[in-house]
Amino acid sequence: MENSRNTSPHLGFVPPAAALPAVSRTPSASLRHPPTPTSAALASAAHAPVLEASTSMAAVEFGKKTRDAPTLLTQPLPEFVDEGDFTGGAAGGKRGKVMVWFRNDLRLHDHAALAAALEEASTVVPCYVFDPCQFGRTQFGFEKTGRYRARFLRESVEGLRKGLQAKEAELVVRHACPEKVIPELCKKIGCRAVYFHQEVTYDEHKVEDKLERALREANIEVKKFWSNTLFHDKDLPFALDKMPDIYTDFREQIERAATSIRRPLPIPDAFPPLPKSIDVGEIPSLERLGVHSAASGRGVSASVVEFRGGEAEAGRRLKEYIAESKTAITSGGNQSRNLRGTSASSQEAYLGADFSCKISPWLALGCISPRKIFEDLRASFAGQNLQKSTTYFELVWRDFFRFITMKYAVARNSETAAAPQKVAARAY
């Protein structure tokens, strides 16, 4: 399993929707006109879970202590601003079927695309597609996805399906190219839109572009959301194409701007039922994916941590890490094994390399979100300056790599689009 860096409950009292108009605010122009309520207005007035800490504690900021009193934020999440009018349906204006395409976000918590779909659609169709182009071998003979990573991926998809089934929902699974099978599924099911989280690499952008073209040709709406980073891209103190190419400059600009870390979205309470006529499909075996199973007795059980995929497993590992950290603090820490090799303070006791959370495999597939990790640590170590911790710096490092990859992937896509050449068939 690769261990790559690249790769709370909603707190506070939720006031009834009827009480919210009394809150003093200055509405934006998009919320004044037209009189038909927009999705932003409905999201901010009626559905607290899709808001960023709408009634939770104040957001964590650099150099500032979190206030103890709950604070009502009157602004909706950026994803929900100016998304158009709701039409039809008395149940909150929900209409039609929306497909949520899961990618490297195999979880139910802190999932903006899923939260938006549940807010806006009468039926939500969760879907995951095993892309054959991510398996097999490269032109140099290397496996694109090794057997341990492939097994971890299957387990993560199984975990997502079980999580949905526990909510009386289901995950539709296919083994095909997403840009081909998703439009076909949408036409068959009657989905009016597809929601998904953006990814950051050039190849992933090419798949997104092909899918968008196919969906628009079929008059199916596309909505893209941002996820899988500690800091939201809309909260950065610079435009993505202007971001620093050096990590230190990136981190210092974030610190100087006192960039807030948003609260993670909670797991949805309920899902609308999936039409029984939909064939949900089976999760393909390793052999069907073209990956050879590990030889007997040569698994990864000898690893320090047993890496098993899934949102539940990611949560279990995070709890173990927090428990280990508390034990280290209580006992004064292992003074000979902290980062500096000197006597460790209570704060430093759980920050050294030997107390690594070892959670990057789950982060890579989005089984847990960076904001969930930070939120749970903040709740468990109240009074500690987590922004000086190794875990925090590793998450910021990870953000830097994702944003810098996005920056140059977008630039490369723009150059490719400008070049007068034919669109080649996928061969990666």
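Below, the structure is looked at part by part. None of the values given here were measured: they were computed from a predicted structure.

1. Focus: the pattern of salt bridges
The tally for this structure, following the rule as stated, stands at 21 salt bridges. The closest approach of N and O atoms between Glu155 and Arg308, which form a salt bridge, is 3.2 Å. Taken as a pair, Glu155 in helix H4 (residues 147–165) and Arg308 in the loop between helix H7 (247–256) and helix H8 (311–330) lie far apart in primary sequence, 153 residues in all. Arg161 is the partner of Glu170 in a salt bridge, and the nearest nitrogen-oxygen pair spans 3.0 Å. Judged by relative accessible area, which is 16%, Glu170 ranks as buried. Among the ionic contacts, a cluster of salt bridges with common partners joins Glu313, Arg316, Arg317, Glu320 and Glu324.

2. Thoughts on the pairing of strand S4 (residues 191–197)
A regular strand places its side chains on the two faces of the sheet in alternate fashion. Counting buried positions along S4 gives seven out of seven residues, so the element sits mostly inside the fold. Bridging between strand S1 (residues 97–102) and S4 involves five bridges; their strand directions are parallel. Following the sheet pairing, Val100 is matched in S4 by Tyr195. Where S4 and strand S5 (residues 221–225) come together, five bridges link them in parallel fashion. Its bridge partner lying in S5, Ala193 is registered against Glu221. Crossover connection from S4 via helix H6 (residues 202–217) to parallel S5: handedness right-handed.

3. A few points about helix H10 (residues 370–380)
The element H10 is extensively covered by neighbouring structure, given that nine of its eleven residues are classed as buried. For H10, the full list of buried residues reads Pro370, Arg371, Lys372, Ile373, Phe374, Glu375, Asp376, Leu377 and Arg378.

4. Structural notes on the pairing of strand S2 (residues 123–130)
Among the eight residues of S2, eight are classified as buried, and the element is accordingly described as predominantly covered. Burial along S2 is two-sided: Thr123, Val125, Cys127 and Val129 facing one way and Val124, Pro126, Tyr128 and Phe130 facing the other are all buried. When S1 meets S2, the two strands line up parallel, connected through six bridges. Bridge pairing in S2 places Phe102 opposite Tyr128. The β-α-β motif built from S1, the intervening helix H3 (residues 112–120) and the parallel element S2 has right-handed crossover chirality. In this structure, S2 lies alongside strand S3 (residues 172–175), joined through four bridges in parallel fashion.

Parameters and conventions
- Residues numbered from 1 in each chain as written.
- Predicted model: local features only at pLDDT ≥ 70, side-chain atom pairs only at ≥ 80, totals over all residues.
- Heavy atoms only, no water.
- Salt bridge = Lys/Arg side-chain N within 4 Å of Asp/Glu carboxyl O.
- Helix = DSSP H or I, 4+ residues; strand = E, 2+ residues; numbered from the N terminus.
- Buried < 20%, exposed > 50% of the residue type's maximum accessible area, 1.4 Å probe, protein only.
- Pairing = 2+ DSSP bridges.
- Right-handed = clockwise from strand over helix to strand, strands pointing away.

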